[in-house]
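# Coordinate inspection notes
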Amino acid sequence: MKIIEAFWEKRNLGVSCTEISIEKEDTVELLEEKKSNFGSAEYMVIKVPVARFDIHEYLTKNNFIFIEGSINFHLNLKEATLTKLQQRLDGEVTYAEMNSDDLEQLYEEIKKGLFKSDRILLDTYFTADQAAMRYINWIKDELSKTTQVFKIVHKNQAIGFFTFKQIAEHVFYPFLAGLYEKYANSGLGFTTLSKPIEESRKRNGKFISTYTSTNNPSVVRVHTQQGFTIKELQYVYVKHNIISR
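Position numbers for residues start from 1 in each chain and track the written sequence from start to end. Where local features are concerned, this predicted model is filtered to residues with pLDDT of at least 70; where side-chain atom pairs are given and counted, the filter is 80 or more; whole-chain, interface and lining totals use all residues. The basis for every side-chain value is the complete set of heavy atoms in the structure, and neither hydrogens nor water enter the calculation.

## Concerning the overall build of the protein
Labels follow the DSSP assignment, with helices taken as runs of H or I lasting at least four residues and strands as runs of E lasting at least two, numbered in each case from the N terminus. Looking only at helices and strands, the protein has nine helices and eleven strands in total. Relative to its length of 245 residues, the protein is compact, with a C-alpha radius of gyration of 19 Å against a globular reference of 18 Å. If you line up the protein on its principal axes, its C-alpha atoms span 55 × 35 × 30 Å. Relative accessibility decides the category of a residue: with a 1.4 Å probe and only protein chains considered, values under 20% of the type maximum give buried, values over 50% give exposed, and everything between is partly exposed. Burial analysis of the protein (245 residues in total) assigns 49% to the buried set. Any two residues whose heavy atoms approach within 4.5 Å are treated as being in contact. Taking all contacts inside the protein whose residues are at least 6 apart in sequence as the whole, residues at least 24 apart take part in 73%. All accessible areas in this document rest on Shrake-Rupley with a 1.4 Å probe, and a residue is counted as covered only by the protein chains that are shown. Taken as a whole, the protein presents about 13000 Å² of accessible surface, with 51% of it coming from carbon and sulfur. When the 32 positive and 32 negative side-chain charges of the protein are each reduced to one mean point, those points stand 4 Å apart. When we talk radius of gyration, it's over C-alpha atoms, and the globule rule is simply 2.2 Å times the number of residues to the 0.38. This count recognises Lys and Arg as positive and Asp and Glu as negative, with His and chain-terminal groups excluded. One atom stands in for each charge, and that atom is NZ of Lys, CZ of Arg, CG of Asp or CD of Glu.

Spelled out as C-alpha cells, the structure:
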C-alpha cells in the first residue's frame, strides 16, 4: 500500500488530499489498520486493482464513491498502426514545440473545458475553474522540469497539443493531449497519439506508456486502434470529508 500526501492539490483545489494505491497483496485488514494514517484529508483518492470485491465493498461501506477506471496503456512502437485514411491525413499534420503565445492559447482551451471527462470536472464538489487550473498548474510544473509541450498543426492552425517526457530508457510518456474545441469533430483526434509516436521514433524510443480514463471511451478506442495494449487497470474511488464550499 502506498500512501501519498498530495500537497499540490491544496494549491489546485483548495483542499488537503491523500492518495492511496492498493497493491494486489493488500488486505481489508491492512486497510483498516492503516486507516488512522490517512490523516484528516478533506479529499481522499484510493486506487484499487481489479477483481478485489472485498476492497470495493469495504470502501463502499466507508462512504467512498467510484468515479472512474484508470487504464495504463503501453505501446511497442514497432506495433503502432494507422489506417490508410489516417496515414494520408497524418501526412497533412505537423507539430512544433510551443512558445509562450501557444501556451496561453492552450491554457484558454483548457479553461473552456478541454478535458470534459476529467474526474475533477465531473465531481460536483469541485468547480470547472478548479478543474481547469489543476491541469494548467500541472503543465506549468512539468515545464519547469524536462517536459516539453507541442502544438499539433493543420493548415497553419493549431488544432491540439500533446505533452512529452521521458520516464525510462527508450520509454516516453505523453501524459496529456487533446484537440481544441473548434476541431473536436474534425476526425483528426488520432493525431494526439500519432504525433507523440512520431516524436518518440525520432528519439529512438521503443515504448510509450500513458494513462486514460474509462470515462472517455472514444480516447480508449483511439489507443487500441493504434496498437496500444492495456498494461494495468485500476478502479478509482473518492471521498470528501470536510470541505468548504
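## Some remarks on the side chain of Lys195
Residue placement: Lys195 occurs in helix H8 (residues 191-202). Relative accessible area serves as the criterion here: at 2%, Lys195 is assigned to the buried category. A polar atom in the side chain of Lys195 sits 3.0 Å from the side chain of Glu198. A 3.5 Å cut-off defines polar contacts: any pair of N or O atoms within that distance qualifies, except that in protein one atom must be a possible hydrogen donor and the other a possible acceptor, and neighbouring residues in sequence count only when both atoms are side-chain atoms.

## Quick look at helix H3 (residues 53-61)
Regarding H3, the residues found buried are Ile55, His56, Tyr58 and Leu59. Take H3 and look down its axis: the buried residues cluster within an arc of 165°, on one side only. Every exposed residue of H3 that faces more than 90 degrees away from the buried side is listed here: Phe53 and Lys61. Against helix H2 (28-34), strand E3 (43-49) and strand E11 (229-240) lie the buried residues of H3. In this context, the arc is that of the directions from the helix axis out to the C-beta atoms.

## Examining a nonpolar patch on the surface
A cluster of nonpolar side chains, contributed by Ile4, Phe7 and Trp8, occupies part of the molecular surface with about 320 Å² of accessible area. By relative accessible area, Phe7 is classed as exposed at 64%. Patch membership needs two things, relative accessible area over 30% and no salt bridge, and members are linked within 9 Å if like-charged or within 5 Å if nonpolar (Val, Leu, Ile, Met, Phe, Trp, Tyr). What makes a salt bridge here is a side-chain nitrogen of Lys or Arg within 4 Å of a carboxyl oxygen of Asp or Glu, nothing more.

## Here's the deal with the pattern of salt bridges
Opposite charge on two side chains permits them to pair, given that their charged atoms come into close proximity. Counting across every chain of the model gives 15 salt bridges. Residue Arg134 is joined to Glu9 by a salt bridge in which the shortest nitrogen-to-oxygen separation is 3.0 Å. With Arg134 in helix H7 (residues 128-143) and Glu9 in helix H1 (residues 8-13), this pair connects stretches of sequence that are 125 residues apart. Across the pair, Glu9 and Arg134 agree in class, each one buried. One salt bridge connects Glu42 with Lys10, and the closest N-O pair in it is separated by 3.6 Å. Of the two residues, Glu42 is situated in the loop between H2 and E3 and Lys10 in helix H1; the sequence distance between them amounts to 32 residues.

## A few points about H7
Residues spaced three or four apart along an α-helix point in a common direction, a consequence of the helix completing one turn every 3.6 residues. A rise of 1.5 Å per residue sets the reference length of H7, with its 16 residues, at 22 Å; its end C-alpha atoms lie 23 Å apart and thus fit the reference within 8%. All buried positions along H7 are accounted for by Ala131, Ala132, Arg134, Tyr135, Ile136, Asn137, Ile139 and Glu142. For H7, the elements touching its buried residues are H1, helix H5 (100-111), helix H6 (119-122), strand E6 (148-154) and strand E7 (157-168). One less than the number of residues in a helix, times 1.5 Å, gives the span that helix is expected to have.

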